[in-house]
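Listed below are the residues making up each chain.
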Amino acid sequence: MAAAEPVIAVSDLTRRFGARAALSSVSLVIPRGGVYGLVGANGAGKTTLIRHILGLLRAETGSVRVLGRDPVADPAGVLSRIGYLSEENDLPGWMRVGELMRYSRAFYPGWDDAYAGELRTMFGLDPAAKIKTLSKGQKARAGLVVALAYRPELLVLDEPSSGLDPIVRRDILGAVLRTIADEGRTVLFSSHLLEEVERVADHVTMIRQGQIVVSAPLKEIKNAHGGASLDEIFVERIGGI
Amino acid sequence: MRTPAAAIAWELRQRHRWGLIALLATIFILGAIKIAVLATQAHPELHDATFALLVPVPLAATSLYLLAVFTFGIAGDLAARESMYPPRMLTLPVSTAALAGWPMLYGCLSMTLLWFAMRIVCIFPPGVEIPKYWPALFAASLLAWTQALTWMPYPFRGMRIVISIGLLVSIDVVALTALGTRARESTMLLLLAPLLPLAYAAALSAVRRARRGDVPDWGVAKRLAPASTRSAPPRDFRSAARAQLWFEWRQFGRSLPLLVAIVLPVGLSLLFLFREADVIVVEIVVASLLLPSFMAIFVAATAGKSSSNASESYGITPFLATRPVEDRALVVAKWQAALISTLAAWVIVAVAVPVALLWSDAAEPILHIARNVDGALGRPRAIVLGLLILAGLVASTWKQLVQGLYITMSGRDWAVKGIAFATLVLVTLGFLALGWILDSRYRIAVALNAIPWLMAAFVALKLVLAMRVMQRGAARGLFTRRQLISGAIAWDVCVLALYGVLTLILPAILFRRHFLLLVAMLVVPCVRLAAAPLAVAGNRHR
């Protein structure tokens, strides 16, 4: 991929579920490197947008390009370069943590055993533990280990905060995301915890009723609102739905 | 809705309204047929096939449907250890007695009403006295016990299926014995009456345990596994395809050999009891050979699911959908897991049946049949016939496991249920047509002449559908030109091989060559297999 080519290029994307428009003419370009926060109220269209980026939804109108490719036409080519942590915590309950890592390793040529082991130890996961016996937070940690261990070019986190406890969120996730960005890779994460987005993200996209209302570097957004907190800006731009 | 009872009833009605409407429509159609038949004959003599269509088939189908509805078992994983009672309902602020009691009461009432309705609308053979009340109590008990067994958590996987089959068979034996001995109503009512409160007590205990999250764990597998393998670090997979095959094998592949290994010894143990009765020995062996295909029907329901936890739908989970593999690779892994599963099940059968026959000293009737076939066909043909039957049974088991993937992997719940309903309708119409044809020698002759033409029409339809599926698959990038050509050649080779074997073993005077070719073309699967990757693509990228 050319250095100037965006990691994600969404153009005029519209998606309807029955009569309801989940996304309306959404256009978004995310260049390489940095942490991008996607914020919006529940049902605003964050997960729908992420699912298009992963190729789990086919664009009805408009186009989606990830790392220069169509994620629907070339799922293997795109997904092998993306790390993804699902909001749904749907890891197979019958697998053990060690088996999950062994299984996931087979799909990614860039899997780094040493880094995977380091992450597993950092997250306090027992390789012999069955996924179904883990708590919600531990499942999210296991999902994060297999999403990070192959050092993906693009890391997509859908509401990671809903599963992770405050210590992991503040001390570990933040540090990991910063490291990824510092290495020139890209992170896209959706969250409704604005304090966390403000702490980690370089760039914020606000989405409301399927439309992007703000998409700019965090500093620019804050400067434009007189240095107000993201919480206050969110209420001003998105609130009152 | 002011009460939990009304809320539970409302949910059952809303979720299954189309099925319940279809059930009512079935009853009305049967009633209409009865009125039409009685208008022409006061005491109608029904042909066997027509009787089967008008009484046992609808009775069994409607009863099974109600069993599935009121046990909450339609979308669940029957083989799972965990209770199949919906977890969402377990958190409702109502007593455990209400959770167990209301669905049981509604189910028992529905089964009772179903029996009385069927008794009115079905055409029973003249001279047969149909009991009035005890079958209603029998049906209610059957449902109540199925609920209790379905909601019960079990110590190991597959145990629910084994126990349920055992229960259904035992209850069938009771019903047939009662009908055969013309048992009195009062006797049967007295015998059956205690079953309902006992089932309620069992269901109450089951729901209570499910509410506590109590799943017994005997740790059979753990104790059997050597200590060294328990703590051994996992091996690496050579490729993503191997990893996905392992995933599918662990997800559903082990179920079939496990079920066969559990059920087969029970059936074969009967050889020790009936070794003197030649007919029963042959029946036991035939049933054992059909067991993998039969069990594959149950396993196939879970084969299309992407997660054993996805009890509510067949939708592909984000975890599986985001594996960096092509859509067809997800299907190929299922086909391969199904093949290994089939072979494992057949190894068990191939070892267990001869051992049981020799051990029980019951081999003579089977050897007698083998000698007769050998004498009639000659040794080479007899061996080919035996191998062909074995290969056919193995292929049929695999086909049972994979032929529905194109529907289940589509993720469309309505399609899964719609196909089941359409199949039932087609079977019903087929039986109707069969009964109508068999009633007249002229119609039988016409039908026999029409069979090759009908088969040719089906072959033409199959080929057209295959072309459409492959065109769509190619357009979506699911198949390359080379894969399409290889697939077509493989299908041709299989058809020609089967045709060759059929012409070798079947006498030409009875079966025309073109007829055998049509049979081979219809039997070797094509469209449904090719449609599975399309279904996955549609489900994965909606």
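Placed above this text is the structure.
Throughout what follows, the structure given in this document is the object of discussion. (Residues numbered from 1 in each chain as written. Chains lettered and ligands numbered in written order. Predicted model: local features only at pLDDT ≥ 70, side-chain atom pairs only at ≥ 80, totals over all residues. Heavy atoms only, no water.)

Comments concerning the side chain of Ser83(B)
Residues and elements named next belong to chain B. We apply this condition: A helix here means a DSSP run of H or I that spans at least four residues, while a strand means a run of E at least two residues long, and both kinds are numbered starting from the N terminus. Pairs of N or O atoms are called polar contacts if they sit within 3.5 Å, as long as, within protein, a hydrogen donor faces a hydrogen acceptor (for residues adjacent in sequence, only side-chain-to-side-chain pairs). Any two residues whose heavy atoms approach within 4.5 Å at even a single point are treated as in contact.
As for its placement among the helices and strands, Ser83 is situated in the loop between α4 (56-70) and α5 (87-90). Looking at Ser83, its side chain comes within polar contact range of the main-chain nitrogen of Tyr85, at 3.0 Å. Within the structure, Ser83 has its side chain in polar contact with the backbone oxygen of Trp151 (distance 2.6 Å). Residues within four places of Ser83 in sequence aside, it is in contact with Thr150, Trp151, Met152, Pro153, Arg160 and Ala210.

Some points on the interface of chain A and chain B
Stated precisely, the cut-off is as follows: Two parts placed together each lose some accessible area; with a 1.4 Å probe, that loss summed over both constitutes the buried area. The working definition used for a salt bridge is a side-chain nitrogen of Lys or Arg within 4 Å of a carboxyl oxygen of Asp or Glu. The residue classification treats Ala, Val, Leu, Ile, Met, Phe, Trp, Tyr, Cys and Pro as nonpolar and Asp, Glu, Lys and Arg as charged. All others, Gly included, are polar.
Across the boundary between the two partners, chain A contributes 34 residues, which contact 32 residues of chain B. Summing both sides of the interface, chain A and chain B together bury roughly 2,900 Å²; the carbon and sulfur share of this comes to 59%. When the area that chain A buries against chain B is broken down by residue, the three leading residues are Trp94(A), Arg102(A) and Tyr103(A), summing to 28%. If you look at where chain A meets chain B, you find 3 salt bridges. Among the salt bridges present, the one from Asp236(B) reaches Arg105(A), with a minimum N-O distance of 3.8 Å. For the pair chain A and chain B, the number of links is 9 residue pairs in polar contact (both at pLDDT 80 or more). When contributions to the side of chain A that touches chain B are tallied by element, the ones reaching two or more residues are α2 (75-79) and α3 (97-105) of chain A. If one sorts the elements of the side of chain A that touches chain B by residue count, α3(A) sits on top with 7 residues. The residue makeup of the side of chain A that touches chain B, split by class, is 18 nonpolar, 6 polar and 10 charged.

Observations regarding the pattern of salt bridges
Residues and elements named next belong to chain A. Going by this rule: Only protein chains enter the accessibility calculation, which uses a 1.4 Å probe; a residue whose area is less than 20% of its type maximum is buried, one above 50% is exposed, and one in between is partly exposed.
Taken as a whole, this structure holds 18 salt bridges over all chains when the rule is applied. Two residues, Arg15 and Glu60, come together in a salt bridge whose shortest N-O distance is 3.7 Å. Remark: Glu60 occurs in the loop between α1 (46-53) and β4 (61-66) and Arg15 occurs in strand β1 (residues 8-17); sequence separation between them is 45 residues. Classification of Glu60 as partly exposed rests on a relative accessible area of 43%. We note a salt bridge from Glu159 to Lys46, for which the minimum N-O separation is 3.8 Å. In this pair, Glu159 sits in the loop between β6 (154-158) and α6 (166-182) while Lys46 sits in helix α1, placing the two residues 113 residues apart along the sequence.

Section: the packing of helix α2 (residues 17-40) of chain B against α4(B)
All names here are of chain B. Applicable threshold: A fitted line through C-alpha atoms serves as each axis, taken over the contacting stretch for helices, and the angle formed by two N-to-C directions is quoted from 0 to 180°. Roughly parallel covers angles under 35 degrees, roughly antiparallel covers those over 145, roughly perpendicular covers 65 to 115, and oblique covers all other angles. The sense of a crossing depends on the near helix, which, turned anticlockwise from the far helix by less than a right angle, makes the crossing left-handed and, turned clockwise, makes it right-handed.
Between α2 and α4, the least distance of the axes is 11 Å, while the angle of their chain directions is 160°. As summarised for this structure, α2 and α4 are arranged roughly antiparallel, according to the angle between their axes. Of the two elements, α2 crosses α4, and the hand of that crossing is left-handed. Note on element contacts: α4 touches α2 through Pro58, Thr62, Tyr65 and Leu66, opposite Gly19, Leu20, Leu23, Thr26 and Leu30. Residue classes in the contact of α2 with α4 are distributed as 6 nonpolar, 3 polar and no charged.

Some details on the sheet that holds β6(A)
All names here are of chain A. Quick note on the threshold: Two strands are said to pair when DSSP picks up at least two bridges between them.
Strand order in the open sheet formed by 6 strands is β5-β6-β7-β3-β8-β9, with mixed pairing between adjacent strands. Only two strands of the sheet have a single partner each, and these edge strands are β5 (82-85) and β9 (211-217). Each strand of the sheet is rotated relative to its neighbour by a mean of 15°, with strand direction disregarded. The sheet contact formed by strand β8 (residues 203-208) and β9 spans 6 bridges and is antiparallel. Each residue of the ladder has a partner; that of Ile207, found in β9, is Ile212. Where helix α5 (residues 136-148) meets the sheet, it contacts β5 and β6, and its direction lies at approximately 175° from that of β5. With respect to the sheet, helix α9 (residues 230-237) is in contact with β3 (34-40), β8 and β9, its orientation differing from that of β8 by roughly 30°.

A closer look at helix α13 (residues 240-253) of chain B
A large share of α13(B) lies buried, amounting to 11 of its 14 residues. Ala240(B), Ala243(B), Gln244(B), Leu245(B), Trp246(B), Phe247(B), Glu248(B), Arg250(B), Gln251(B), Phe252(B) and Gly253(B) are the residues of α13(B) that are buried. Along its buried surface, α13(B) packs onto α3 of chain A together with α14 (255-268), α16 (278-303), α17 (318-321) and α18 (327-359) of chain B.

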